[in-house]
Amino acid sequence: MATHATPQIRPLMVGLFIGLPIAALILTPLWAWFKGFSGWQWLIAVGFLYLNGLSITGGYHRLWAHKAYKAHWSVRLWFALWGAGALQNSVFVWASDHRRHHRNVDDNEKDPYSAGRGLWFSHIGWMLRDYPTNAEDFSNIKDLLEDPILAWQHKHYVAITVTMNVFLPLAIGFALGDVWGTLILVGLARLVVNHNVTFFINSLAHCWGTRPYTEENSARDNGFLAFLTYGEGYHNYHHIFQTDYRNGIRWWQWDPTKWMIFSLNKIGLARDLVRVDEFKIQRAVMDTTFKRMRAKLNTDEMCPLRAAVEREYQAFLSCVKDWRELQAERYEKHREALGEAWNERRTKLVERWEQTQMRDQLKVLEQSLQKQQKRLQVMLEQLPSPQTV
Ligand SMILES: [Zn+2]
Ligand SMILES: [Zn+2]
């Protein structure tokens, strides 16, 4: 009679992800009401929240899972400590799961937190049972296994996380003269808030928001979620251009993780920041817009805009072709220059002139794509049967 269809419950995880939030929901308001929290306690709790959050987003996620930049050892150690304090397992486990999530996004059999299995599953449910997708497999993080800081963090993860979550708040509590209040606010409530906002990226950011860059997967862009998740809410962009150190690519988009990495770079603690070429970003937006337009046109065979859309599409394809050719030429020139670096005949001046000329040509193509995107928006608004995205 007995079947093994439902995997075993993990009692420790249930305690952490169900028990702790319940305790926080009861204890925090009770303590606030009867004893009250001081301004310092609130300030330190928010400080911890951001230190944990940014170590997960800037360290675990963008630095280690996606290799979006390189960081000085002191920064890596800092992220390893405060990231462990976020109680989301070691970098090895986190990054390995996350790379599987990107590679198999929405695949219920392979994505550890597939949005296709429901909001609860992708938020917390996936951690509560021994699902086959949780099986430890570090074959996709061989590059990280060699980092001694990460190996140390993995080996001593429990000791580090207990120090960061219990002993540190305890010490602060003694210093402030209120041990229990500090444990409740800085230890417990902060941990639960940080857990849940980070988990929004796997759950809500896969079902709530827009899809400007790709409709190939469920990831969404959502400015409100970005505000809660230290900038990770631009998840549609992130899923198509995962190596970019930015998630919110526009200067006005709320992405404190991007600002932190940028600042670390400015003071010499981070380097080799990956930025996806603006043309490629624009191309993805256009590609998605065309797919959307064509889907609408399919519902109206007689639409007068049909020929115009087709003309725009052909113009788009030819623009992309020109851009590819120019990129190939640029790459070739660069290789030539490297090969002839010893050759005095090829002066730096000629090389610079060629580079500038190509950059100008690329800029023209980029601008023509931007203009076309504006025309497309106008046309899209005139098309029948508006679809929600
Ligand atoms: Zn995702
Ligand atoms: Zn990611």
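Please read these numbers as outputs of a predicted model, since none were measured by experiment.

Q: How would you summarise the overall build of the protein chain if you had to cite specific residues and measurements?
A: Along its length, the protein chain carries 15 helices and two strands. Counting over 389 residues, the protein chain shows a buried share of 34%. A fraction of 70% describes how many contacts in the protein chain between residues 6 or more apart in sequence connect residues 24 or more apart.

Q: Describe the domain arrangement of the protein chain, with residues and values.
A: How large an interface is tends to be reported as the accessible area lost when its parts come together. Looking at the protein chain, the domain boundaries give domain 1 (11–271) and domain 2 (278–382). Relative to domain 2, the C-alpha centre of domain 1 lies at a distance of 36 Å. Listed as interface residues are seven residues of domain 1 and, on the opposing side, five residues of domain 2.

Q: Residues and numbers for the environment of tyrosine 157, please.
A: Residue position: tyrosine 157 is located in helix 8 (residues 157–176). In this structure tyrosine 157 touches Ala84 and Ser90, once residues within four positions along its chain are discounted.

Q: Explain helix 5 (residues 119–128) to me, and be specific about the residues and the numbers.
A: Taken as a whole, helix 5 has its buried residues at Phe121, Ser122, His123, Ile124, Trp126 and Met127. For helix 5, the secondary structure elements touched by its buried residues are helix 1 (11–34) and helix 9 (179–200).

Q: Tell me about the packing of helix 8 against helix 9, and please be specific about residues and values.
A: Relative orientation and spacing of two packed helices are given, respectively, by the angle between their axes and the distance between those axes. The geometry of helix 8 relative to helix 9 is characterised by a closest axis approach of 8 Å and an angle of 145° between their N-to-C directions. Read as a crossing pair, helix 8 and helix 9 show a hand that is right-handed. Contacts between helix 8 and helix 9 involve Asn165, Val166, Pro169, Leu170, Ile172, Gly173, Phe174 and Leu176 on the former and, on the latter, Val179, Thr182, Leu183, Val186, Gly187 and Leu191.

Q: With reference to specific residues and values, describe the environment of phenylalanine 48.
A: Mapped onto the elements of the fold, phenylalanine 48 is located in helix 2 (residues 39–65). We classify phenylalanine 48 as buried; it has 25 C-beta atoms within 10 Å. Along the sequence, phenylalanine 48 and methionine 286 sit 238 residues apart, while their C-alpha atoms lie 41 Å from each other. If we skip the residues at most four places from it in the chain, phenylalanine 48 touches Val186 and Arg190.

Q: Break down helix 9 for me, with residues and values.
A: With 22 residues, helix 9 ought to run about 32 Å at 1.5 Å a step, and its terminal C-alpha atoms sit 31 Å apart, in line with that. Of all the bends found along helix 9, the most pronounced is centred on arginine 190 and spans about 30°. Here helix 9 lies mainly inside the structure; 17 of its 22 residues are buried.

Q: Tell me about the nonpolar core, residues and numbers included.
A: Counting 29 residues, the largest nonpolar core has Tyr60, Trp64, Tyr69, Val91, Ala95 and Leu144 as the members making the most contacts within it. Of all the elements in the fold, those that place two or more residues in this core are helix 2, helix 3 (73–84), helix 4 (91–103), helix 8 and helix 12 (256–266). Take this core: its biggest share by element is six residues, from helix 2. Sequence-distant contacts of leucine 144, that is, excluding residues within four places in its chain, are made with Trp64, Val91, Phe92, Ala95 and Leu150. Residues Ala226, Leu228, Tyr234 and Phe241 belong to the second largest nonpolar core, which totals 19 residues.

Q: Give me the packing of helix 2 against helix 12: which residues, what numbers.
A: Two elements in contact, helix 2 and helix 12, have axes whose closest approach is 9 Å; the angle formed by their N-to-C orientations is 70°. On the basis of the axis angle, helix 2 is roughly perpendicular to helix 12. For the pair helix 2 and helix 12, contact is made by Leu54, Thr57, Gly58 and Arg62 and by Pro256, Thr257, Met260 and Ile261, respectively. The class makeup of the residues in the contact of helix 2 with helix 12 is four nonpolar, three polar and one charged.

Q: Summarise unusual backbone geometry; cite the residues concerned and give the values.
A: Within the chain, lysine 67 stands out as a residue other than glycine whose phi angle is a positive 50°. On the secondary structure map, lysine 67 appears in the loop between helix 2 and strand 1 (70–71). In this structure lysine 67 comes out as partly exposed when scored by C-beta crowding, with 16 C-beta atoms within 10 Å. Of note in the backbone geometry, leucine 87 takes a positive phi value of approximately 55° without being a glycine.

Definitions and cut-offs
- Residues numbered from 1 in each chain as written.
- Chains lettered and ligands numbered in written order.
- Predicted model: local features only at pLDDT ≥ 70, side-chain atom pairs only at ≥ 80, totals over all residues.
- Helix = DSSP H or I, 4+ residues; strand = E, 2+ residues; numbered from the N terminus.
- Buried ≥ 20, exposed ≤ 12 C-beta atoms within 10 Å, placed from the backbone.
- Contact = placed C-beta atoms within 7 Å.
- Domains from an automatic or database assignment.
- Axes fitted to C-alpha atoms, helices over the stretch in contact; angles between N-to-C directions.
- Left-handed = near helix turned anticlockwise from the far one by under 90°.
- Expected span 1.5 Å × (residues − 1).
- Bend = angle between axes of the 7 residues up to and from the residue.
- Core = buried A, V, L, I, M, F, W, Y, C linked by C-beta atoms within 7 Å.
- Parallel < 35°, antiparallel > 145°, perpendicular 65-115°, else oblique.
- Nonpolar A, V, L, I, M, F, W, Y, C, P; charged D, E, K, R; others polar.

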